[in-house]
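Listed below are the residues making up each chain.
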Amino acid sequence: MQSADKPILESLNLFYHESEGSEREGSPTQCSGDVLCLFCQEQFNATVQKEDLLRHLAVNHKFVIGDVNLITDLKKYLTYWRQRFLEEDLTNFCSIISTTTSNKESKERYYLLCDVLAEDKTLREFLQKKKLEKVLAQQQKEREDETFSRTCLFCRDHFSGNRAEMFDHMTHGHGFSIGLPDNLVYTDEFLDNLQGKLDNLQCLYCERIFKDKTVLKEHMRKKQHKKINPKNRKYDKFYVINYLEMGRSWEMIQADPDDEPGTETETEDEESWEDWEEAGSQAVCLFCDFSSCMPHKLAAHMQELHDFDLKDVKLRLNLNFYQQIKLINFMRRQIYLGSCYGCGEKFTDKRVLVEHMHSQQHVDRFPEPSVWDQPQYFFPTYENDNLLCQLDDDEEDEVAGGRNQVIAEDLPSLNTILAQESVRKDILSGDIT
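Residues numbered from 1 in each chain as written. Predicted model: local features only at pLDDT ≥ 70, side-chain atom pairs only at ≥ 80, totals over all residues. Heavy atoms only, no water.

A. Focus on the packing of aromatic side chains. For the structure on display, the rule yields 18 aromatic pairs. With 5.7 Å between their ring centres and 50° between their planes, F85 and F93 make a pair best called tilted. Under the relative-accessibility criterion, F85 is labelled buried at 12%. Taken together, the aromatic side chains of F39, F63, Y80, W81, F85 and F93 make up a single cluster linked through ring pairs. Here K227 stacks its cationic end above the ring of Y205, 4.9 Å away from the centre of that ring. The ring of Y186 has K237 lying over it, and the distance from NZ or CZ to the ring centre is 5.3 Å. (Phe/Tyr/Trp six-rings, centres within 6.5 Å; stacked < 30°, edge-to-face > 60°. Buried < 20%, exposed > 50% of the residue type's maximum accessible area, 1.4 Å probe, protein only. Lys NZ or Arg CZ within 6 Å of the ring centre and 35° of its normal.)

Shown next as structure tokens:
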């Protein structure tokens, strides 16, 4: 292979000279994703028709590219080699593989182009570097972009300006983490992809299709499928880690042993304690039979499955601690009686009632305070309603608002023998027996 010693730096930049008016004979156009075959005039789209292109090369031209899945830009790769094959003989670059046909007499020769050739390896590394530079530039652009505006995938909260705030909200508010914002790229396309799956009632992890949104949410909660499918290779595009090293995916990089001893053990210990829950003190959802002794889990359940955020209601209605108790007891009573507190319509089936409240958006629609802010709702509908024990008692707000301040009474005057100073002195000195 005489060309292995030939300087190749100039050649590697050939496909970036798109502004030059003169092109060599047989060079493909640079205006789209289409690229010509290395040896004929048949044209393919290097992205959409990749398999057809490789099949055409193998069947029609007996030509095979090794580890083609590791080539970051197949179009520019083929553009480069098409030009090189016009300059020199194919055998200067390729290994020849002889195979025996079915009649065992004739042999077929295949040409293999792979990174064993120094020029091919350098080209692949060059394309990898260019791709990484492009990805990092796109990531920086997204960090500085202040036009971002999007609604959360799981609730009605809207975020604008900073993408990181939305990812942080989904992680801590809904238990859905797709990674740190600094590790993501092409985030708009990523979120569009996820939103499309949810709109099609498809689980993000197992990718099953469900009949309605409520069933899908309950499935993702119960099965702990609030995560993306790591085996779906389409997601690799959105993680910067997949562009760092040629031929190494995020799974290979994460499989590398940690440098610091004891890190893995400490992580496992933290994970083992993370989901620990104390038995008892289970609080039940306001709308269904779900229960948990962890306040944040119950709050996340009601927010995701029923679009009900108690903290948001508290802030919107400016409720103090005692008003929160009255409102919850009122809601419990109305649902127990089969009455929608948003419109007053009666139902005989609790499930039908909840579906009505969801569809009509009556979950957080309340009547005038004079209806529910009554002394009778100090008393719980259910004797063991532990949800009331999970409420935040904002004492500072109450004091600042002038509520429930205790004023000490004046002490009565001492009209007894203790009023005499001589008696008090004798008691203090211990002379009285």
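B. Main features of the side chain of H225. Mapped onto the fold, H225 is located in the loop between α7 (213-222) and α8 (250-254). Its relative accessible area of 12% is what places H225 among the buried residues. Side chain to side chain, H225 and H219 meet in a polar contact 3.2 Å long. Setting aside residues no more than four positions away along its own chain, H225 makes contact with C203, Y205, C206, H219 and M220. (Helix = DSSP H or I, 4+ residues; strand = E, 2+ residues; numbered from the N terminus. Polar contact = N/O pair within 3.5 Å; in protein donor to acceptor, adjacent residues only side chain to side chain. Contact = heavy atoms within 4.5 Å.)

C. Structural context of the environment of E87. Along the chain, the position of E87 falls in helix α3 (residues 74-87). Separated by 2.7 Å, the side chains of E87 and R84 make a polar contact.

D. Representation of helix α12 (residues 321-336) within the structure. Across its 16 residues, α12 extends 23 Å between first and last C-alpha, which sits within 8% of the 22 Å expected from 1.5 Å per residue. When you tally the buried positions in α12, you get 13 out of 16 residues, the bulk of the element. Backbone nitrogen of Y322 and a side-chain oxygen of the N-cap are separated by 3.1 Å at the start of α12; the cap is N320. Just downstream of α12, G338 is the residue with a positive phi angle, here 75°. (Expected span 1.5 Å × (residues − 1).)

E. A look at the side chain of N45. In this structure, N45 sits in strand β2 (residues 43-45). In terms of polar contacts, N45 uses its side chain to reach the backbone amide nitrogen of V48, at 2.9 Å.

F. A look at helix α10 (residues 295-306). In this model, α10 (12 residues) spans 16 Å end to end at C-alpha, consistent with the 16 Å of a helix rising 1.5 Å per residue. In this structure, the buried side of α10 is in contact with α5 (163-174), α7, β8 (283-284), β9 (291-292) and α13 (350-359). Phi turns positive, to about 55°, at D307, one or two residues after α10.

G. Here's a closer look at a nonpolar patch on the surface. A cluster of nonpolar residues, Y322, F378 and F379, forms a patch on the protein surface that exposes about 340 Å² of accessible area. Tracing the sequence through the fold places F378 in the loop between α14 (369-372) and α15 (395-400). Here F378 falls in the partly exposed class, since its relative accessible area comes to 38%. (Patch = residues over 30% accessible without salt bridge, like charges linked within 9 Å, V, L, I, M, F, W, Y side chains within 5 Å. Areas by Shrake-Rupley, 256 points an atom, 1.4 Å probe, with all protein chains shown as cover. Salt bridge = Lys/Arg side-chain N within 4 Å of Asp/Glu carboxyl O.)

H. Just the sheet that holds strand β5 (residues 107-113), in detail. An order of β3-β5-β4 is seen for the 3 strands of this open sheet, with the pairing classed as mixed. The open sheet has two edge strands with one neighbour each: β3 (63-65) and β4 (95-100). Shown here is a sheet whose adjacent strand axes are inclined to one another by a mean of 30°, direction ignored. Of the strand pairs in this sheet, β4 and β5 are connected by 6 bridges, and their pairing is antiparallel. Of the residues in β5, the one forming a bridge with I97 is Y110. (Pairing = 2+ DSSP bridges. Axes fitted to C-alpha atoms, helices over the stretch in contact; angles between N-to-C directions.)

I. The arrangement of the pattern of salt bridges in detail. Summed over all chains, the structure comprises 24 salt bridges. Residue D192 pairs with R150 through a salt bridge whose shortest N-O separation is 2.5 Å. In this pair, D192 sits in helix α6 (residues 187-199) while R150 sits in strand β6 (residues 149-151), placing the two residues 42 residues apart along the sequence. We classify R150 as buried; its relative accessible area is 16%. K217 serves as the salt-bridge partner of D307, at 3.7 Å between the closest nitrogen and oxygen. Here D307 is found in the loop between α10 and α11 (310-317), whereas its partner K217 is found in helix α7, with 90 residues between them in sequence. Assessed through its relative accessible area of 33%, D307 is described here as partly exposed. Taking relative accessible area as the criterion, K217 reaches 16% and is therefore assigned buried. Connected through salt bridges with shared partners, the residues R84, E87, E88 and E119 form a single ionic network.

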